[in-house]
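Geometric and topological summary
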Amino acid sequence: MATARGVPAAAGESSSQGPRIRGDPNPPPVKGPAGTNRSRSLRGAGVSVTAQGSPGEGGAEGHAGIQRGNTAVPFSLPHRTVAGGGQTALALYGSRRPSSPPFRSPARRILGKRHVSSAMGVRRAARSVARLGPRLRPRLEPDAAEYFRRALETLQEGLSAEELALFAPNVLAEAAAAGLGVALDPGGSRVLQALLPQAPLGMLGRVLPPLVVGGLGGPAGHPLGARVLEAALERVLPALGEAVGQAEEAMGQAEEAVGQLAAAVRDDLVAFAQHPAGSFVVRALLRVLGGAPGAGVPQLPPGGVELKAKGVELTLKAVEAVAEGAELPPSFPLLLGQLAEVFEEHLASLLSPASASLCLQVALEVLHHSQLPACSRLCNALIGQLAPPSPTPAESTLVWGLQDPEHSRLLEAAMAVAGPQRLRELFHQQLKGHLRGVAAHRVANHGLQRLLDHAPADVVGEVLSELGPALAEPLACGHPGVLTALLSACRRHPGLQQEALRCLFQAFGCWDPRERRQACVGLLAGLCPFGGTDKHMEGAEPEPSLGPITLHGSLLLQHLLHFREPGPVLAGLEALPHPALAALARSPPGSRVWDALLTSPTVPTRARRRLLRKLKGHFLSLACHRNGSRVLDAVWASASAPARAAIANELASQHQALQRDPHGRGVARTLALDLFCRRRRLWEQLQAAPNRRRGLLEPLLED
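Residues numbered from 1 in each chain as written. Predicted model: local features only at pLDDT ≥ 70, side-chain atom pairs only at ≥ 80, totals over all residues. Heavy atoms only, no water.

**Overview of the overall build of the protein chain**
- If you tally the helices and strands in the protein chain, you get 38 helices and eight strands.
- Evaluated residue by residue, the protein chain yields a buried proportion of 50% over its 703 residues.
- Here the contacts in the protein chain between residues at least 6 apart in sequence split such that 67% fall between residues at least 24 apart. (Helix = DSSP H or I, 4+ residues; strand = E, 2+ residues; numbered from the N terminus. Buried < 20%, exposed > 50% of the residue type's maximum accessible area, 1.4 Å probe, protein only. Contact = heavy atoms within 4.5 Å.)

In structure tokens:
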């Protein structure tokens, strides 16, 4: 005997006991006549969900499932005890049974007899609750809190894509009907944060309006409610893109809710920005109004547990850019311009604390993305506030600001959106002559990196002239980011590359004599200048070798490989022994050097082939390694037919070893080693065929 999902039923279990819930060893009984079927069709899904029980002596079998024609798919169902009754209503993927008594929302419980069953009623009740003050924020009743707790457990246990498509709309509908208490409940808020990224525009139009009322006295000022409101705002742009040409009423509701929130933030911007929870709402609102993408941070399922999903991928907790073919509502740019004026008006109050500073940085980013004239006005006002013109050439208010831990972030954001002419003025008036001190400072060096990221060619050339002979100083201070930023800037301006290469090699002690240049790869990869360690004895010349590979060392090599003349780095790579090249491919930062070698348009084909030949005999160690297998895939994609045959021929004798390794199995599948071993001639024909024809013949590789 088995219950839902094949859980065995205990001996003596009553036939009235419903489907067993995972994680609940003692589910409450379901009242009802034995031997009857109780079914409820999921809303709009065309699927019937059934809970069945059959009588028996001393035991019973009960199960639940999704009925699709003649096929039943079992699954577990969260349940909820209805307040005031002894029955258990199964929340069939989020939907309550019709026999359940009307759900009394928290807003109705606080306000008395007001009826709040409709969406409009929920919004009116939310406004009334917000006027009652923060101390009277609504709370969920115990049965509703238990329902969303079980929904959270179901999400944490994992759902397939099909199950999630059935689960999400019903739970969101329950949340919209329950009112504001769901967003302020620990379990309900986490459920909403997880499901809102999949909410359609129609559901978003129901969930969002109650969240925006009340200002900081409503959900926007609550630690949990603010994150729910942030998730709802982040969903607005993707939902508008998916609903192009349809759902005009829902689009109007969402646009009206965003406008209402923008008006509340505009009237009390300083309080919102300085509020620990309200600042999240301000940043999300700015990105929505400007149609700007967010940070793109992957969000784990609620509770921080690993996703035990069956095909459900991680969602991105970020505002996605407006979809292609979709346009921002006409009111959004106007609202953004009004907020920009308020930012400029209250600029002095938004420099601190950190939450307000972040709002100001996001405002600059969004205005720059929107290409509004307000961006340059706000940028100039911020620079004038933090770095006014210096009284004397020996003093620089910009240097002082870059050395301040709080103000440096704001100045970096301003330099990221300032135009070339403004950056040129800043450099000549306040930075020129102070670069060595700025590069050696633990905080100010980041501002110099941002300047190099966006500076025009003439400014980069002057920085190279002043700082190039002293590149060893920031390297000795532990600021290799200055070197990588300088090489990245010279990569954009080919005329400066030869001078940058000479200054870099001189800083690492491998420019003169010329023979030392063959050891440049090991010195650059490990950020270890020649003579800086005990291994480099006086009078001894460095040997081409490879030690520990650092992140910034890998970045330096990648930039140099994209230079117009990458010859010195290629010579250093060719001087390395064969095992060192294989170790470089197996290293996480070193594998990116191989990527640059394979993709750089300035690397000659002959030099690339010579380096690839040195990997011969090491293909098995690469194929069975996490990073090496990725490099081998890239080598395979860019290799000629004879080179592919040589790689496959070496790995064919190690087929069994490849099958025992998870990474090796992927490489064997990519190389079609089974077909190579059984039908070599057909394999060669497929490799020689054009890509389009090879795609048509791809099923042969699976045979």
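Still more ground to cover, so stick around.
**A word on unusual backbone geometry**
- Omega for the bond connecting Ser352 with Pro353 falls within 30 degrees of zero, at 0°, which places this linkage in the cis form.
- Structurally, Pro353 can be placed in the loop between α12 (331–345) and α13 (354–370).
- Of note, the bond from Asp512 into Pro513 is cis; its omega dihedral lies within 30 degrees of zero at -5°.
- Structurally, Pro513 can be placed in the loop between α23 (497–507) and α24 (520–525).
- In this structure, Gln371 is a non-glycine residue whose phi angle is positive, near 60°.
- Its identity as a non-glycine residue notwithstanding, Ala672 has a phi of 55°, on the positive side.

**A word on the packing of aromatic side chains**
- Tallied over the entire structure, the rule returns four aromatic pairs.
- For the ring pair Trp636 and Trp683, a centre distance of 6.1 Å and an interplane angle of 50° mean the geometry is tilted. Linking Trp636 in helix α31 (residues 626–638) with Trp683 in helix α36 (residues 680–688), this pair joins segments that are 47 residues apart in sequence. The two residues Trp636 and Trp683 agree in class, both being buried.
- Between Phe676 and Trp683, the aromatic rings sit 4.8 Å apart at their centres with planes inclined by 80°, giving edge-to-face as the arrangement. Neither Phe676 nor Trp683 differs from the other in exposure class; each is buried.
- One aromatic cluster is present, formed by Trp636, Phe676 and Trp683 through successive ring pairs.
- The ring centre of Phe280 lies 4.6 Å from the NZ or CZ of Arg283, which sits over that ring. (Phe/Tyr/Trp six-rings, centres within 6.5 Å; stacked < 30°, edge-to-face > 60°. Lys NZ or Arg CZ within 6 Å of the ring centre and 35° of its normal.)

**Remarks on the side chain of Arg516**
- Position of Arg516 relative to the elements: it lies in the loop between α23 and α24.
- Within the local environment of Arg516, its side chain forms a polar contact with the backbone oxygen of Gly509, the two atoms lying 3.2 Å apart.
- Each residue touching Arg516, except ones within four places of it in the same chain, is listed here: Gly509, Cys510, Phe530, Glu541 and Pro542. (Polar contact = N/O pair within 3.5 Å; in protein donor to acceptor, adjacent residues only side chain to side chain.)

**Things to note about α36**
- Three or more residues of α36 are buried, namely Leu682, Trp683, Leu686 and Gln687. The arc that holds the buried residues of α36, viewed along the axis, is 135°, so those residues lie on one side. Counted as exposed and oriented over 90 degrees from the buried face of α36: Arg681 and Ala688. (Arc of directions from axis to C-beta.)

**Re the environment of Gly531**
- If you trace the backbone, Gly531 turns up in the loop between α24 and α25 (551–561).
- Its relative accessible area of 48% is what places Gly531 among the partly exposed residues.
- It is 7.6 Å that separates the C-alpha atoms of Gly531 and Gly509, two residues lying 22 residues apart in sequence.

**Side note on the nonpolar core**
- Counting residues in hydrophobic clusters, the biggest one holds 190 residues, and the most contacted among them are Leu196, Leu233, Phe343, Leu573 and Trp594.
- In contact with Leu233, not counting residues within four places along its chain, are Leu208, Val258, Leu261, Val281, Ala284, Leu285 and Val288. (Core = buried A, V, L, I, M, F, W, Y, C linked by side-chain atoms within 4.5 Å.)

**Focus: the environment of Pro238**
- Along the chain, Pro238 turns up in helix α8 (residues 223–242).
- As a C-alpha pair, Pro238 and Gln198 span 40 residues in sequence and 9.5 Å in three-dimensional space.

**Observations concerning the pattern of salt bridges**
- In this structure the tally under the stated criterion is 14 salt bridges.
- For Arg450, the salt bridge goes to Asp453, with nearest N and O atoms at 3.1 Å. Here Arg450 pairs with Asp453, and both are found in helix α19 (residues 444–454), just three residues apart, close to one helical turn.
- Of the charged contacts, one joins Arg630 and Asp595 as a salt bridge, the two residues approaching to 2.7 Å between their closest N and O atoms. Here the residue Arg630 occupies a position in helix α31, and Asp595 occupies one in helix α28 (residues 588–599), the gap between them amounting to 35 residues.
- With a relative accessible area of 16%, Asp595 lands in the buried category.
- Residues joined by salt bridges that share partners form a network here, namely Glu146, Arg149, Arg150 and Glu153. (Salt bridge = Lys/Arg side-chain N within 4 Å of Asp/Glu carboxyl O.)

**Focus on the confidence of the model for the protein chain**
- Looking at the protein chain, the pLDDT average stands at 77 and 72% of residues meet or exceed 70.
- At the low end of the mean pLDDT range in the protein chain sits strand β6 (residues 88–90), at 31; at the high end sits α25, at 97.
- Confidence over residues 1–136 falls short of pLDDT 50; this stretch has 250 contacts with residues more than four positions distant or in other chains.
- For residues 692–698, every residue scores under 50 in pLDDT, and the model assigns this stretch five contacts once sequence neighbours within four places are set aside. (pLDDT = per-residue confidence, 0-100.)

**Here we look at the side chain of Asn627**
- Within the fold, Asn627 resides in helix α31.
- Engagement of the side chain of Asn627 in a polar contact is seen with the backbone oxygen of Arg586, the distance being 3.2 Å.
- Residues contacting Asn627, with those up to four places away along its chain left out, are Ala585, Arg586, Ser587, Pro588 and Ser591.

**Quick notes on helix α4 (residues 161–178)**
- For α4, spanning 18 residues, the distance from its first C-alpha to its last is 26 Å, which sits close to the expected 26 Å at 1.5 Å a residue.
- Extensive coverage of α4 is indicated by the burial of 13 of its 18 residues.
- Immediately beyond the C-terminal end of α4, within one or two residues, lies Gly179, with a positive phi of roughly 95°. (Expected span 1.5 Å × (residues − 1).)

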